[in-house]
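Examining the three-dimensional arrangement
Single-letter residue listing:
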Number of protein chains: 2
Amino acid sequence: MPRKPEYDRDDLIARARDIFWRQGWAGTSLKDLERELKLKPGSFYAAFGSKDALYGLALDRYAQEGVARLRALADRVGPLEALKAQPRLVIEASGAPAKACMLAKTYAELQAKDHELAGRAGVLMSEMKACFADLFRQAQETGDIAPSHDPNRLAMRYQSELLGLRLSAERSDVDAHEIAADIAADIDRL
Amino acid sequence: MPRKPEYDRDDLIARARDIFWRQGWAGTSLKDLERELKLKPGSFYAAFGSKDALYGLALDRYAQEGVARLRALADRVGPLEALKAQPRLVIEASGAPAKACMLAKTYAELQAKDHELAGRAGVLMSEMKACFADLFRQAQETGDIAPSHDPNRLAMRYQSELLGLRLSAERSDVDAHEIAADIAADIDRL
DNA sequence: TATATACTTGAGTGATCACTCAAGAAAGAC
DNA sequence: GTCTTTCTTGAGTGATCACTCAAGTATATA
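Please read all numbers here as calculations on a predicted model, not as lab measurements. (Residues numbered from 1 in each chain as written. Chains lettered and ligands numbered in written order. Predicted model: local features only at pLDDT ≥ 70, side-chain atom pairs only at ≥ 80, totals over all residues. Heavy atoms only, no water.)

All names here are of chain B. Using the criterion set out here, one finds 39 salt bridges over all chains in the structure. We note a salt bridge from E81 to K84, for which the minimum N-O separation is 3.4 Å. One end of the pair is E81 and the other is K84, both in helix α5 (residues 79-92) and 3 residues apart, which spans about a single turn. Across the salt bridge formed by R171 and D173, the nearest N and O atoms sit 3.0 Å from each other. According to the relative accessible area criterion, R171 is buried, its value standing at 4%. Each of D10, R17, D18, R61 and E65 takes part in salt bridges that share partners, so that together they form one network. (Salt bridge = Lys/Arg side-chain N within 4 Å of Asp/Glu carboxyl O. Helix = DSSP H or I, 4+ residues; strand = E, 2+ residues; numbered from the N terminus. Buried < 20%, exposed > 50% of the residue type's maximum accessible area, 1.4 Å probe, protein only.)

We now examine the nonpolar core. In this structure, L37(A) and L54(A) are the most contacted members of the largest nonpolar core, which totals 34 residues. Secondary-structure elements contributing two or more residues to this core are α1 (9-23), α2 (30-37), α3 (41-48), α4 (51-77), α6 (102-110) and α7 (116-141) of chain A. Counting 33 residues, the second-largest nonpolar core is a separate cluster that includes I13(B), L37(B), C101(B) and L103(B). (Core = buried A, V, L, I, M, F, W, Y, C linked by side-chain atoms within 4.5 Å.)

Attention now goes to the side chain of Q86(A). Residues and elements named next belong to chain A. Among the secondary structure elements, Q86 is positioned in helix α5 (residues 79-92). Under the relative-accessibility criterion, Q86 is labelled buried at 11%. Apart from the residues lying within four places of it in its own chain, the contact partners of Q86 are L70, L73, Y158 and L162. (Contact = heavy atoms within 4.5 Å.)

Right, dumping it as structure tokens:
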């Protein structure tokens, strides 16, 4: 007896993620979302409850897809090659709405206000870091990286480098490919 | 015959810089500024013209002091030691309102909207990068770094690492000191 | 002391913010 | 077709945004 919604909820979340990713939390108004998602306020709030709730869903989707993409890459080319390729891949992603990491942007924007979404972004960054640590550990098991290194420390440094790289990639006066190549070269030296 | 203002303009800019640095552009309202600077709207607009104008002054001050501090450090301990010490110093700065770089935060927040302040932050980051390149060049002249490296490329990578480090330093699940130590160790290997 | 020249004050501006809700439209169940 | 349930619509909510301005106040000069 009910009526079905005209929109595809998953697609809406993905589109919202792209807008939030590009413009940030404060930089995205409900007017923006209504226009891009083609939802009137009533439908928007029936579907998602609030701007923050949708942002949270977008954030989760972003992180989940990021981890999945890296894991899939590692399954194909192995942990070491995946870690070496990732810097180049993240700055080349042509379909992406921005080069910088959405988790990092969210954290930087909202952490000072102790916003719940900053906390969520922090947790997701931590999970991403754990994923990196896993790959470093695997690369040690396959003998590609010397066992003397602490995989957690490698992951921490690697993630920090990626965050810097991705922010640098938004600048026109920086050749991010050179940085990415240098990061990959450093991994080979481990 | 005129009356003198009750405030110290330079001090006001420094205090505004700290608020903007911590809370970002959209995250700082005029109410915030009026409260922290103890200025009523009339005085505020007589003194600075607009929120954006004050933000611009704060940004310039931030960058100018950052460059000056690094140059002074290099004069004391030499270019190589300055470059090695900087990562630790920026994350230890106890009086600072935030660990992350204000230029990077501004750029990340406002670049998508082509805001004038993002452009200004970009230019200032570029000047900072040039300062890093100078130091790498000097370190090559003193023989501390092999002359085969391109100082501009080293500066680019170094700045990218610093941006990542400083963002990481805001996280509670990351030991930024370890990252800083690793960055310094890598400089020694050049 | 008188006057001219700022600076300070704070109520008030229109615009935009996230969000609400009542009314109308559409689709499955009977 | 009729009913029930849900979705869609969009005008409207109070709050907050950056900002204005006229009136009041303080000070240096004459």
